[in-house]
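Architecture and fold: a report
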Amino acid sequence: MSDINPASNNNILLEAKSLTRRFGGLVAVNNVSFAVNKHEIFGLIGPNGAGKTTLFNLITALIPPSSGELRYQGAEISRLRAHRIAELGIARTFQNIRLFGELSALENVIIGRHLHNKSSIITGVLGLPPALKEEYKNRRKALELLDLMGLRERIEEKAKNFSYGDQRRLEIARALALEPQILLLDEPAAGMNPNEKQQLSTFIRNLRDRFNLTIILIEHHVPLVMGLCDRIAVLDFGQLIALGKPAIVRNNPAVIDAYLGNE
Ligand SMILES: Nc1ncnc2c1ncn2[C@@H]1O[C@H](COP(=O)(O)OP(=O)(O)O)[C@@H](O)[C@H]1O
Ligand SMILES: [Mg+2]
């Protein structure tokens, strides 16, 4: 592997060490190591089937690794459950959008906040004051995020009636409702028109700054990735074949061969 541009040590938020995930005979993520800095926009690219989504599934504990380590703020997290990962501040969107189609935009975002609700289910069911107060706060927070996504006028509409681009924005709002430190975006521009793609770039950068986020972005739209990311990791057949600044990755022969050649 060439073009290694390591994250600076004291600033690392998330780190994978020799991370591997097998599905039967297939090694979907193969001995992958990288570190993501705080406040970085970190791109993850590579051909279809390269293992990008699997890497997100490992980071968010939807599936366990076959071997290797994942460290978040210095602590090993690869044996934790998904809800714990979310509590630690790792949120994501999905390549295949996962919204509750029959619920309103507002309800979908409020659901994203449930991890913040400290009052017990009993208090909630009985409608006692702590739960009510939290409900109010959840609603206020969700409205704020929907406003930010430009969806303020449509909060009562069912998610299934939203356009693809708007559903992706809604998913980002739901992920942000968790008040994460790190946000994983799995192909957020997929299904968006060129104009929306253009806006998305500025939007993601603004999100990072406004919420002091670290962002890992899987995206096929090369201009968007190259223009937006601080560093880029390239996966091919489960292996990390390059990692570094966009200008360097773009000119890496192995990357051109595996991925950029047909651009
Ligand atoms: N749950 C699973 N069971 C079996 N194979 C899987 C599973 N998830 C992903 N894969 C396989 O792992 C490889 C990587 O998939 P994926 O991570 O979705 O790639 P990418 O997101 O880069 O397109 C593919 O060959 C895919 O078929
Ligand atoms: Mg994928």
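What counts, and where the lines are drawn
- Each chain carries its own residue numbering, running from 1 in the written order of its sequence.
- Here the convention is simple: chains get letters from A, ligands get numbers from 1, in the order in which they are written.
- Since the coordinates come from a predicted model, pLDDT governs what is reported: local features require at least 70, and pairs of side-chain atoms require 80 or more to be given and counted, while whole-chain, interface and lining totals use all residues.
- The basis for every side-chain value is the complete set of heavy atoms in the structure, and neither hydrogens nor water enter the calculation.
- Secondary structure elements follow DSSP: runs of H or I of four or more residues count as helices, runs of E of two or more count as strands, with numbering from the N terminus.
- Each residue is assigned to one of three classes by its accessible area relative to the maximum for its type, calculated with a 1.4 Å probe on protein chains only: buried under 20%, partly exposed between the two thresholds, exposed over 50%.
- The criterion used for residue contact is that any of the two residues' heavy atoms lie within 4.5 Å.
- Surface accessibility in these figures is a Shrake-Rupley result with a 1.4 Å probe; residues are shielded only by whichever protein chains are displayed.
- Between rings of Phe, Tyr and Trp, where Trp is taken as its six-membered ring, a pair exists when centres lie within 6.5 Å; planes separated by under 30 degrees are stacked, by over 60 edge-to-face, and by other angles tilted.
- Only when the NZ of Lys or the CZ of Arg is both within 6 Å of the ring centre and within 35 degrees of the ring normal is a charge said to sit over the ring.
- Both site types are read off a 1 Å grid over the protein atoms alone. A 1.4 Å probe that fits but cannot get out defines a cavity, while an open set with protein on both sides within 12 Å along at least five of seven lines defines a pocket; lining residues have an atom within 4 Å of a point.
- Grid points are joined across faces, edges and corners, and a volume is the space filled by probe spheres set on the points.
- Side-chain classes follow a simple rule in which Ala, Val, Leu, Ile, Met, Phe, Trp, Tyr, Cys and Pro form the nonpolar group, Asp, Glu, Lys and Arg form the charged group, and the remainder, Gly included, forms the polar group.
- Note: domain ranges come from an automatic or database domain assignment.
- Only when DSSP finds a minimum of two bridges between them are two strands counted as paired.
- Throughout, right-handed denotes a crossover for which the path from the first strand over the helix to the second runs clockwise when the strands point away from the viewer.
- Only the stretch in contact is used when a helix axis is fitted, and all axes are lines through C-alpha atoms; the angle between N-to-C directions ranges over 0 to 180 degrees.
- Metal donors were taken as nitrogen, oxygen and sulfur atoms no farther than 2.8 Å from the ion, or 3.2 Å where the ion is Na, K or Ca. Water is excluded, so coordination may look unfinished.

**Quick word on the overall build of the protein chain**
Looking only at helices and strands, the protein chain features 10 helices and 10 strands. Considering the protein chain as a whole, with its 263 residues, one finds that 51% of them fall into the buried category. Sequence separation of at least 24 residues holds for 69% of the intrachain contacts in the protein chain that already meet a minimum separation of 6. Here the protein chain displays about 12,600 Å² of accessible surface, and carbon together with sulfur accounts for 51% of that area.

**Thoughts on the packing of aromatic side chains**
Within the structure shown, the criterion is met by 1 aromatic pair. Between Phe-34 and Phe-42, the aromatic rings sit 5.5 Å apart at their centres with planes inclined by 20°, giving stacked as the arrangement. Taking relative accessible area as the criterion, Phe-34 reaches 6% and is therefore assigned buried. Overall, Phe-42 belongs to the buried group, its relative accessible area being 1%. Directly above the aromatic system of Phe-94 lies the positively charged group of Arg-98, at a separation of 4.1 Å from the ring centroid. One cation-aromatic arrangement involves Arg-154 over Phe-162; the distance from NZ or CZ to the ring centre is 4.1 Å.

**Re the layout of surface pockets**
What the largest pocket holds in volume is close to 520 Å³. In this structure, the largest pocket is lined by 20 residues; those nearest its centre are Ala-86, Arg-92, Phe-94, Arg-174 and Leu-178. The set of elements that each furnish at least two residues to the lining of the largest pocket consists of helix H2 (82-87), strand S6 (90-92) and helix H6 (164-176). The element that contributes the greatest number of residues to the lining of the largest pocket is H2, accounting for 4 residues. When grouped by side-chain class, the residues that make up the lining of the largest pocket number 12 nonpolar, 4 polar and 4 charged. When residues of the lining of the largest pocket are sorted by domain, at least three fall in each of domain 1 (1-89 + 180-263) and domain 2 (104-179).

**With respect to the pairing of strand S7 (residues 182-186)**
Regular strands have side chains that alternate between both faces of the sheet. In terms of burial, S7 is a largely internal element, 5 of the 5 residues being buried. Sheet analysis places S6 next to S7, joined by 3 bridges and oriented parallel. Looking across to S7, one finds that Ala-91 is bridged to Leu-183. Judged from the 5 bridges that link them, S7 and strand S8 (residues 214-218) form a sheet pairing that is parallel. Paired with Leu-184 across the strands is Ile-216, a residue of S8. Running through helix H7 (residues 194-211), the crossover from S7 to the neighbouring parallel element S8 is right-handed.

**Quick word on the pairing of strand S9 (residues 231-236)**
Among the 6 residues of S9, 6 are classified as buried, and the element is accordingly described as predominantly covered. Residues Arg-231, Ala-233 and Leu-235 line one face of S9 and the alternating positions Ile-232, Val-234 and Asp-236 line the opposite face, and both faces are buried. By the bridge criterion, 5 bridges tie S9 to strand S10 (residues 239-244) in an arrangement that is antiparallel. The partner of Val-234 across the bridge, within S10, is Ala-242.

**Side note on the sheet that holds S6**
Taken in spatial order, the 6 strands of this open sheet run S6-S7-S8-S3-S9-S10, and their pairing is mixed. Looking along the sheet, the strands with just one partner apiece sit at the ends: S6 and S10. This sheet shows a mean twist of 20° between the axes of neighbouring strands, independent of strand direction.

**Focus on the coordination of the magnesium ion (ligand 2)**
With distances of 2.0 to 2.1 Å, the protein atoms coordinating the magnesium ion (ligand 2) are Thr-53 (OG1) and Gln-95 (OE1). Residue Thr-53 is found in helix H1 (residues 52-59), and its partner Gln-95 is found in the loop between S6 and helix H3 (105-111); the two are separated by 42 residues along the sequence. Relative accessible area serves as the criterion here: at 25%, Thr-53 is assigned to the partly exposed category. With relative accessibility at 28%, the residue Gln-95 sits in the partly exposed group.

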